[in-house]
Amino acid sequence: AGGLRELSSWDFAETVADPDWAVLVEFVSTNCAQCDEFKAAFEEVSRRVQVAAKKAPSSSPWRRVLVARMDQTANEHTETVKGTPWMKFWPRGRRKKPVDVELRSVDLIFDFVDEQLSEEMSAEL
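Residues numbered from 1 in each chain as written. Predicted model: local features only at pLDDT ≥ 70, side-chain atom pairs only at ≥ 80, totals over all residues. Heavy atoms only, no water.

Chemist: Can you break down the overall build of the protein chain residue by residue, with the values?
Modeler: Counting its regular elements, the protein chain contains three helices and five strands. What you see in the protein chain, going N to C, is helices and strands ordered as β-α-β-α-β-β-β-α. Compactness check: the protein chain gives a C-alpha radius of gyration of 14 Å against a globular reference of 14 Å for 125 residues, within 12% of the reference. In terms of overall dimensions, the protein chain has a C-alpha envelope of 45 × 25 × 25 Å along the principal axes. Out of the 125 residues in the protein chain, the part that is buried amounts to 41%. Taking the intrachain contacts of the protein chain between residues at least 6 apart in sequence as the baseline, contacts between residues at least 24 apart amount to 69%. Split by element, the accessible area of the protein chain, about 7200 Å² in all, is 49% carbon and sulfur. A gap of 5 Å separates the mean positions of the 17 positive and 22 negative side-chain charges of the protein chain. (Helix = DSSP H or I, 4+ residues; strand = E, 2+ residues; numbered from the N terminus. Rg over C-alpha atoms; globule rule 2.2 N^0.38 Å. Buried < 20%, exposed > 50% of the residue type's maximum accessible area, 1.4 Å probe, protein only. Contact = heavy atoms within 4.5 Å. Areas by Shrake-Rupley, 256 points an atom, 1.4 Å probe, with all protein chains shown as cover. Lys, Arg positive; Asp, Glu negative; His and termini not counted. Charge placed at Lys NZ, Arg CZ, Asp CG, Glu CD.)

Below, the structure written as structure tokens:
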């Protein structure tokens, strides 16, 4: 996937709906102190996902995880966000329903994504 991707109004819906990709999105707002405090942690999650993808075999779901950020002050979307920063995870597949991610630790967020990918692999068997 290649690093943290910035989403905007024009590519958000298409990106999260793509059945080939699992997508973790952080919603942020301008002038949000908590967003600024969490920025480095979320970037570390993105870095770890990249490392996992590079180490994984080509068939691994880690190769199809996108980590993204969206400034909802500047971009419109239809998701329910209970504050900022706020994260949602869209699993791969045709009937994607986002899951709220109410975690703030890099390790816990990474483990959450790992768990979601493990469930996806189990469902495919």
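That was the structure; now back to the text.
Chemist: I'd love a proper account of the pattern of salt bridges, names of residues and values included.
Modeler: The tally for this structure, following the rule as stated, stands at eleven salt bridges. Here Glu 44 and Arg 48 are joined by a salt bridge, their closest N and O atoms 3.4 Å apart. Taken together, the residues Glu 44 and Arg 48, both in helix H2 (residues 33–55) and four residues apart, mark about one turn of the helix. The exposure class assigned to Arg 48 is partly exposed, which follows from its relative accessible area of 26%. One salt bridge in this structure joins Asp 107 and Arg 48, with 2.5 Å as the shortest N-O distance. Taken together, the residues Asp 107 in helix H3 (residues 106–124) and Arg 48 in helix H2 connect sequence positions 59 residues apart. Each of Glu 6, Glu 26, Glu 43 and Arg 69 takes part in a single network of salt bridges with overlapping partners. (Salt bridge = Lys/Arg side-chain N within 4 Å of Asp/Glu carboxyl O.)

Chemist: So what about the packing of aromatic side chains? Which residues, and what values?
Modeler: The relation between two aromatic rings is expressed through the spacing of the ring centres and the mutual angle of the planes. One pass over the structure, following the stated rule, counts five aromatic pairs. Relative to Phe 42, the ring of Phe 38 lies with its centre 6.2 Å away and its plane at 40°, an arrangement referred to as tilted. Here Phe 42 and Phe 38 lie together in helix H2, a separation of four residues that amounts to about one turn. On the accessibility criterion, Phe 38 (6% relative accessible area) is buried. (Phe/Tyr/Trp six-rings, centres within 6.5 Å; stacked < 30°, edge-to-face > 60°.)

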